[in-house]
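# Overview (structure and organization)
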Amino acid sequence: MIAFSHYDMALLLHAMLRTIVLSLGGGCLGIVGAVLLTALRLSAGRALLPLRALAVAYVQTIRRVPFIVTLYILFFCTGMAGVDVSATGVAICSIGLIAAGYLCEILHGGINTVPVEQVEAALALNLPTWARWRYVIGPQAMSAVIPPAVGYLVLFIKDTALASQIGVVELSQAGVILSSRGLPSAQVFCAVLLVYFVISYPLTCLSRLLEKRIAVH
Amino acid sequence: MPYIDVRDVCVRHGKNETLGEAGFVAERGEIVSFIGPSGSGKTTLLRTLIGLQPVVRGSMTVDGRVVDMSAAGAAKILRDQSAIVFQQFGLFGHMSVLRNLTLAPTVVAKRTRTEAENEARGLLERLGLGDKADALPADLSGGQKQRVAIARALMLRPSLLLLDEPTSALDPRKVHEVSVLLRDLARDGMTVVQVSHAMSVVSSLSDRIVLLEEGRVRAVGKGLREAAQEPDIAAFMNAHGSDPGAGLPVGQLGPQQ
C-alpha cells in the first residue's frame, strides 16, 4: 500500500475537482444546447426552416467528429482569434458542444417515442402547451431519455481525460504526474479509477431515482 | 336555424383535395353518422371539427356562434365546445384511468381534483369500469380502453361529441351498452357525430346519415326512413351489411320526429 503525501493528495483532490468542473460545466452547457437544438428541430413553420436545417446539420456533423478534434479546433481557433480563455474553459466548451449534439439526438428520439395519438388527444382536450409537455409528453419522453442520456454523460466524464491534451490537469493527468514522481503507477491509477467511479456512480443512482419519480403519478 | 351548421369545409394535402365543400347540419341532441368508403374523408371531416386538421376554408356555427375554421385561434374555440374519441383511443399510457379522466377537467376547466374524481368514478361506474379507476391503460382490453376514452371525452361536458368508430373494439353486448349511453346523452341535449363502418350501429342510432364519397357529401338522410329512400345511402348500407329500413333496436328515428 502506498502512502500519498499531503501534496499528492492535494494534487489528486484538485484534479478530481477539475474533472467534476469539466463534467458538470460541459454537461450543463450540453443540456442547455440540446434543449435549444431540440426546440429548433421540433419547430414548425417556414420562417424557422433555415434554423431547423442548421440544427439538424449541426447535430449530424458534431456527432461524427472525435472529441479531441473539436478540442483542438476550439483551442487553436480561440488562440488565433486572440480570445482570452483558459484551457479549462476551452475544454468545457468543447464538451458542451459535443454533448449538445448527442443529447439533442437522445432528447429528440425520446420525444418521438410518445405516440402521436396521445399528443393529438392532449390537443383535443385543449390542454395548453405547458400542460401537454408537463403531463403528457415530458414524463413519457423522459423515461426514454434519461437512461441513454445518463449513460452518455458517464461516458463523457471519462472523456474529460482528453482535456489533458491542451494542458488541463484533470484526474488522468494527475495520475500521470504522480507516477512520474516515482509513485507506483498501478496503485496510482487504481486510485484514479476509484475516484472516477465515485464521481460517476451518483449519476447512475440519480438516473434510477428520476426514472422512479417519473414513473409514479 | 340548425344548432350545428358546418359549411364548405375544404382540406388539401399538397395538390390533392381530401375534402371539398363538405358540410352538414345537425339539431341539438341529434346523432349524426358519417358513412362512406375508406378514404372518403369521414375521419378528416371529423378531425376538422375539433381543429386537428388544418382547413383551407370552412365555417362552423354552433348555437348561433360562427367560427371561421381556417382562422388562427379557431382550434381552441372548436375544442371548447367539442370532445373526440379517437379510433386508437389516445389514452395517456403512463397515467391511471382515473387521471386520464381528471387531467383536462382539473387543468383546463379548473375543477377541483376531488370534484373531478367523484364525477369520473361515477362515469366509470356507469360504463362498467368502476373497478378500473387505478388501472393503467395497458392493463385494459380494447373494449375497456374504448369506454375509458368515451368517459374521458364526456368529462369535458361537450356540446358536441365526436366519435371515430366508437364501437369498433366492442363485443355486441358492449355495443348495445355504448349505444344506449349515446342515445341517453343525445336525449340530454348533447349532439353526437360519429364515423362508423358498423352499419348496424348506424341504422340503430342515427338521426341523420351523411354519405361521403371522395371528400364530398354525396347524400344526406334525416332519420332512417328518409335515409332509406335516398338511393345512394340505401345502396351503400345494403352493400355493407345493413338494411336501413330495418328495425331500430336502440334509438328512435330522432328526437324531432
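Model, not experiment: these values are computed from the prediction.

Attention shifts here to the overall build of chain A. Looking only at helices and strands, one finds eight helices and zero strands in chain A. Listing every helix and strand of chain A by position from the N terminus yields α-α-α-α-α-α-α-α. Based on the C-alpha atoms only, the size of chain A along its principal axes is roughly 70 × 45 × 25 Å. When the accessible area of chain A is evaluated, it comes to approximately 11500 Å², of which 71% is carbon and sulfur surface. For chain A, the centre of its 13 positive side-chain charges and the centre of its 8 negative side-chain charges are spaced 5 Å apart.

Attention now goes to the pattern of salt bridges. Residue and element names in this part refer to chain B. Taken as a whole, this structure holds 23 salt bridges over all chains when the rule is applied. Across the salt bridge formed by K76 and D80, the nearest N and O atoms sit 3.4 Å from each other. One end of the pair is K76 and the other is D80, both in helix 2 (residues 74–81) and four residues apart, which spans about a single turn.

Let's shift gears to the sheet that holds strand 5 (residues 65–68) of chain B. Residue and element names in this part refer to chain B. Read across the sheet, four strands follow the order 2-1-4-5 without closing on themselves; strand pairing throughout is antiparallel. Both edges of this open sheet fall to strand 2 (16–26) and strand 5, since each of them pairs with a single strand only. Mean inter-strand twist for the sheet, computed between neighbouring axes without regard to direction, equals 15°. The pairing of strand 4 (residues 57–62) with strand 5 spans four bridges and is classified as antiparallel. Bridge pairing in strand 5 places V62 opposite R65.

All names here are of chain B. Bridge count between strand 9 (residues 208–213) and strand 10 (residues 216–222): six bridges; the pairing is antiparallel. Each residue of the ladder has a partner; that of I209, found in strand 10, is G221. Between strand 9 and the antiparallel strand that follows it, strand 10, lie two residues; E214 among them carries a positive phi value of about 50°.

Counting residues at the interface gives 22 residues for chain B, matched by 18 residues for chain A. Here chain B and chain A share an interface that buries about 1700 Å² over both sides, 69% of which is from carbon and sulfur atoms. Broken down residue by residue, the surface that chain B buries against chain A is led by R79(B), F92(B) and H94(B), which jointly contribute 31%. Linking chain B with chain A are one salt bridge, by the criterion used here. Between the two partners, chain B and chain A, sit six residue pairs in polar contact (both at pLDDT 80 or more). At the level of secondary structure, the elements contributing two or more residues to the side of chain B that touches chain A comprise helix 2 and helix 3 (97–107) of chain B. When residues of the side of chain B that touches chain A are assigned to their parent elements, the largest contribution, four residues, is made by helix 3 of chain B. Tallied by class, residues from the side of chain B that touches chain A come to twelve nonpolar, four polar and six charged.

Turning our attention to the packing of aromatic side chains. Scanning the entire structure with this criterion turns up eight aromatic pairs over all chains. When the centroid spacing of 5.5 Å and the interplanar angle of 80° are considered together, the rings of F67(A) and F156(A) count as edge-to-face. Placement of the pair is F67(A) in helix 3 (residues 67–80) and F156(A) in helix 6 (residues 129–159), with a sequence separation of 89 residues. Of the two residues, F67(A) and F156(A), neither departs from the other in class, the shared state being buried. Aromatic side chains Y102(A) and Y152(A) sit 4.9 Å apart centroid to centroid with 25° between the ring planes, which places their arrangement in the stacked category. Within this pair, whereas Y102(A) is found in helix 4 (residues 87–112), its partner Y152(A) is found in helix 6, the two being separated by 50 residues in sequence. A relative accessible area of 9% places Y152(A) in the buried class. Taken together, F67(A), Y102(A), Y152(A) and F156(A) form an aromatic cluster joined through their ring pairs. Over the face of the ring belonging to Y102(A) we find R63(A), whose NZ or CZ atom lies 5.9 Å from the ring centre. Across the ring face of F92(B), the terminal group of R152(B) is positioned such that the distance to the ring centre comes to 4.7 Å.

On to the nonpolar core. Counting 44 residues, the largest nonpolar core has L127(A), I4(B), V9(B), F24(B), F34(B) and M60(B) as the members making the most contacts within it. If near-sequence neighbours (up to four positions away) are discounted, V9(B) is found in contact with L19(B), G20(B), E21(B), A22(B), L45(B), T48(B), V55(B), R57(B), G58(B) and M69(B). Counting residues in hydrophobic clusters, the runner-up holds 37 residues, among them L91(B), L123(B), A135(B) and L182(B).

Our next topic: the state of the cysteines. Residues and elements named next belong to chain A. The full count for this structure, using the stated rule, is zero disulfides over all chains. For C205, which is in no disulfide, the shortest distance to another cysteine sulfur is to C28 and amounts to 19 Å. Overall, the relative accessible area of 33% leaves C205 in the partly exposed class.

Residues and elements named next belong to chain B. Take E165: it is sitting in the loop between strand 7 (160–164) and helix 6 (172–187). Judged by its relative accessible area of 7%, E165 is buried. Residues E165 and A198, 33 residues apart in the sequence, show an inter-C-alpha distance of 8.0 Å. Setting aside anything within four residues of it in sequence, one finds E165 in contact with Q87, Q146, V195, S196 and H197.

What counts, and at which threshold
Residues numbered from 1 in each chain as written. Chains lettered and ligands numbered in written order. Predicted model: local features only at pLDDT ≥ 70, side-chain atom pairs only at ≥ 80, totals over all residues. Heavy atoms only, no water. Helix = DSSP H or I, 4+ residues; strand = E, 2+ residues; numbered from the N terminus. Areas by Shrake-Rupley, 256 points an atom, 1.4 Å probe, with all protein chains shown as cover. Lys, Arg positive; Asp, Glu negative; His and termini not counted. Charge placed at Lys NZ, Arg CZ, Asp CG, Glu CD. Salt bridge = Lys/Arg side-chain N within 4 Å of Asp/Glu carboxyl O. Pairing = 2+ DSSP bridges. Axes fitted to C-alpha atoms, helices over the stretch in contact; angles between N-to-C directions. Contact = heavy atoms within 4.5 Å. Buried area = accessible area lost by both parts, 1.4 Å probe. Polar contact = N/O pair within 3.5 Å; in protein donor to acceptor, adjacent residues only side chain to side chain. Nonpolar A, V, L, I, M, F, W, Y, C, P; charged D, E, K, R; others polar. Phe/Tyr/Trp six-rings, centres within 6.5 Å; stacked < 30°, edge-to-face > 60°. Buried < 20%, exposed > 50% of the residue type's maximum accessible area, 1.4 Å probe, protein only. Lys NZ or Arg CZ within 6 Å of the ring centre and 35° of its normal. Core = buried A, V, L, I, M, F, W, Y, C linked by side-chain atoms within 4.5 Å. Disulfide = S-S within 2.5 Å.

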